[in-house]
Amino acid sequence: MSLLSIENVSKRFGENEVIRGLSLDVKAGEFVSILGPSGSGKSTIFNLIGGLLTPDEGTIRLQKESIIGKRGSISYMPQTPSLLPWRTILHNVLLGQELQGNINREKAIEMIEKAGLKEYIHSYPHELSGGMKQRVAFIRALLSPQPIILLDEPFSALDEWTRLGMQKWLLDIWDSHRPTILFVTHNIEEALFLSDRIFVLSHRPSHVISELKVPFSRPRNEELLLENRFLE
Ligand code: ADP
Ligand code: MG
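Residues numbered from 1 in each chain as written. Chains lettered and ligands numbered in written order. Predicted model: local features only at pLDDT ≥ 70, side-chain atom pairs only at ≥ 80, totals over all residues.

The name an unreviewed UniProt entry gives the chain is ABC transporter ATP-binding protein, with Cytobacillus solani as the organism.

Right, here's the structure in full:
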């Protein structure tokens, strides 16, 4: 049964028709990527699911309930990390949990340390680089308790080495808890490496033109650990 179900969604901005007749289903525990070139409407799709935009046509349902125009029913890491400048890194990470009334401070600290940001835990966003802020927003999204996590190009500002580490970490988390993840990227290799299913968007107006068959199974956890050791 679908956890998230998008049916026949269209969206235009004035003359600019960005999404036409998009349908997409995500089941609980899946890791689904949406792959497409810049400007194909990937972030627009996430803004529609996240309730920041409303579609001109179509339905968006989470567990059968419409979430059109509703914010906060999913965990959303937008393409540009939006950290609150007056809150420390720890308190930015805790924000997602505070809004849902369920705080796990120890877990937040553990994740911040694991992301290589231990020295910055009590720093403020302006003291961090773009890639560091991206990691903070990533952790916040992962720790929010909603049933589905949207990640919009979460590793785009990272150097190759850090990105590889974060990708492996995300796979590790996915392998152990099976969170439902919807991931946006323009990077084909990244989509192939991470996802169970990949949907490819055409140029605008976008609709899912094809579901790309993942041509090989992802390496198992143990193999990833071996690779990690190799990297060290
Ligand atoms: P992608 O994330 O795939 O790079 P976007 O979804 O950001 O693409 O943008 C797709 C198109 O929609 C672009 O032409 C962009 O200018 C337009 N667009 C996105 N959001 C808005 C908005 N809020 N108002 C007007 N145009 C928008
Ligand atoms: Mg985008």
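Draft legend 1. Molecular detail of the sheet that holds strand β1 (residues 2-13). The strand order across the open sheet built from 4 strands is β2-β1-β4-β5, with neighbouring strands paired in antiparallel fashion. Looking along the sheet, the strands with just one partner apiece sit at the ends: β2 (16-27) and β5 (65-66). As defined by bridge partners, strand β4 (residues 57-62) adjoins β5 across 2 bridges and the pair is classed as antiparallel. For leucine 62, the partnering residue across the bridge sits in β5 and is glutamate 65. Sitting on the sheet, helix α1 (residues 42-49) touches β1, β2 and β4, and the angle it makes with β2 is about 65 degrees. (Pairing = 2+ DSSP bridges. Helix = DSSP H or I, 4+ residues; strand = E, 2+ residues; numbered from the N terminus. Contact = placed C-beta atoms within 7 Å. Axes fitted to C-alpha atoms, helices over the stretch in contact; angles between N-to-C directions.)

Draft legend 2. Expanded view of the site of ligand 1. In the vicinity of ligand 1, the contacting residues are Phe13, Asn16, Val18, Gly36, Ser38, Gly39, Ser40, Gly41, Lys42, Ser43 and Thr44. When residues of the shell around ligand 1 are traced back to their parent elements, those giving at least two are β2 and α1. Among the elements that line the shell around ligand 1, the one with the most residues is α1, at 3 residues. Residue composition of the shell around ligand 1, by class: 2 nonpolar, 8 polar and 1 charged. (Near = placed C-beta within 6 Å. Nonpolar A, V, L, I, M, F, W, Y, C, P; charged D, E, K, R; others polar.)

Draft legend 3. Main features of the pairing of strand β7 (residues 148-152). Within β7, 5 of the 5 residues are buried, leaving the element largely enclosed by the surrounding structure. Residues Ile148, Leu150 and Asp152 of β7 are buried on one face, and the alternating residues Ile149 and Leu151, pointing to the opposite face, are buried as well. Note: strand β6 (residues 75-77) against β7, 3 bridges, orientation parallel. Looking at β7, one finds that serine 75 is bridged to isoleucine 149. Sheet analysis places β7 next to strand β8 (residues 180-185), joined by 5 bridges and oriented parallel. In the sheet register, isoleucine 149 faces β8, and the bridge partner there is isoleucine 181. (Buried ≥ 20, exposed ≤ 12 C-beta atoms within 10 Å, placed from the backbone.)

Draft legend 4. Focus on α1. Burial of α1 is extensive: 7 of the 8 residues sit out of reach of the surface. The set of residues buried in α1 consists of Lys42, Ser43, Thr44, Ile45, Phe46, Leu48 and Ile49. One or two residues past the end of α1 sits glycine 51, with phi positive at roughly 80 degrees.

Draft legend 5. Molecular detail of the environment of glutamate 57. Structurally, glutamate 57 can be placed in strand β4. On a C-alpha basis, the gap between glutamate 57 and glutamate 7 in space is 9.0 Å, while along the polypeptide they are 50 residues apart. Those residues in contact with glutamate 57, other than ones at most four positions away along the chain, are Asn8, Val9 and Ser10.

Draft legend 6. Fine view of helix α2 (residues 89-100). Listing the buried residues of α2 in full gives Ile89, Asn92, Val93 and Gly96. Projection of α2 onto a plane perpendicular to its axis shows the buried side chains occupying an angular sector of 105 degrees, all on one side. Residues of α2 that are buried make contact with β6, α3 (105-114) and α4 (130-143). Note on α2: the residue one or two positions beyond its end, glycine 101, has a positive phi of about 70 degrees. (Arc of directions from axis to C-beta.)

Draft legend 7. Structural context of the pairing of β2. Sheet topology places β1 next to β2; 8 bridges connect them, and they run antiparallel. Its bridge partner being in β2, phenylalanine 13 is matched across the sheet by asparagine 16.

Draft legend 8. Fine view of the environment of serine 66. Relative to the elements of secondary structure, serine 66 occurs in strand β5. Using a count of 10 C-beta atoms within 10 Å as the deciding quantity, one classes serine 66 as exposed. Residues serine 66 and isoleucine 6, spaced 60 residues apart in sequence, show a C-alpha to C-alpha distance of 9.8 Å. If we skip the residues at most four places from it in the chain, serine 66 touches Thr59, Ile60 and Arg61.

Draft legend 9. Summary view of the confidence of the model for the chain. For the chain, per-residue confidence averages 88 on the pLDDT scale, and residues scoring 70 or more make up 89% of the total. Note on residues 220-232: pLDDT is under 50 here. Beyond four places in sequence and across chains, it has 7 contacts. Reported for the predicted complex are a pTM of 0.90 and an ipTM of 0.98. (pLDDT = per-residue confidence, 0-100.)

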